[in-house]
Amino acid sequence: LSEYVKEADKDSLMALLTATEDWLYDEGEDTTKGVYTAKLDELKALGDPIELRARESGEFPVAANCLRSSIESFREQSASADEKYAHIEAEEKLRVANECNTAEEYLKGVMATQEKLTKTDTPPVLSADLMKKRAELEKFCSAILSKPKPKPKAEPAKTE
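Residues numbered from 1 in each chain as written. Predicted model: local features only at pLDDT ≥ 70, side-chain atom pairs only at ≥ 80, totals over all residues. Heavy atoms only, no water.

> Explanation requested: the overall build of the protein chain in the structure shown.
Scanning the protein chain from terminus to terminus reveals 4 helices and 0 strands. Moving toward the C terminus, one meets the helices and strands of the protein chain in the order α-α-α-α. The C-alpha radius of gyration computed for the protein chain amounts to 27 Å, which surpasses the reference 15 Å derived for 160 residues by more than 25%, pointing to a less compact arrangement than a globule. Its C-alpha atoms give the protein chain principal-axis dimensions of about 105 × 40 × 15 Å. Expressed as a percentage of the 160 residues in the protein chain, the buried residues total 26%. Residue pairs at least 24 apart in sequence account for 79% of intrachain contacts in the protein chain once pairs closer than 6 positions are excluded. With an accessible surface of roughly 11,100 Å², the protein chain has 54% of that area assigned to carbon and sulfur atoms. (Helix = DSSP H or I, 4+ residues; strand = E, 2+ residues; numbered from the N terminus. Rg over C-alpha atoms; globule rule 2.2 N^0.38 Å. Buried < 20%, exposed > 50% of the residue type's maximum accessible area, 1.4 Å probe, protein only. Contact = heavy atoms within 4.5 Å. Areas by Shrake-Rupley, 256 points an atom, 1.4 Å probe, with all protein chains shown as cover.)

> It is not clear to me how the packing of helix α2 (residues 33–79) against helix α3 (residues 90–115) should be interpreted in this structure. Could you clarify?
Packed helices, taken two at a time, are described by the angle their axes make and the gap between the axes. Relative to each other, α2 and α3 sit at 155°, their axes nearing to 9 Å. Taken as axis vectors, α2 and α3 run roughly antiparallel relative to one another. Where α2 crosses over α3, the two elements pack in a sense that is left-handed. The segment α2 lies against α3, with F60, A64, L67, R68, I71, F74, R75 and S78 engaging K93, V96, A97, C100, N101, A103, E104, Y106, L107, V110, M111 and Q114. (Axes fitted to C-alpha atoms, helices over the stretch in contact; angles between N-to-C directions. Parallel < 35°, antiparallel > 145°, perpendicular 65-115°, else oblique. Left-handed = near helix turned anticlockwise from the far one by under 90°.)

Okay, here's the thing in structure tokens:
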């Protein structure tokens, strides 16, 4: 995890870890759960952002690819001349395409911001945000593209 820690933070984290270890072996044996919890919270305040950056470095590209894949898939479906989409009006297909374009612009902006960050910077957009955006896109597009075909009208029986 050291590559995700700024040098200034690394020194203060190491000092806090050493102080906590010393405390644990001295006063820590005869203390309450509340004090342990407070010490843990103090460590987490410095350690959690580091862990987040490390986790996001692996999860963010996966989430970005998932969103990109959904955009491409729905864009293809909205432009398809396939029989299963023939009953969907052109205006509805255009709404799907526009939503895909909006999501793609969002993703491009996020990726441009992410590329400027170092491993020690906390990302402003997380993989969870991209997955939420993907879920919103899928909900919107699926509602339109999965509309069932209208049933053919039954012809009235001829009377003789």
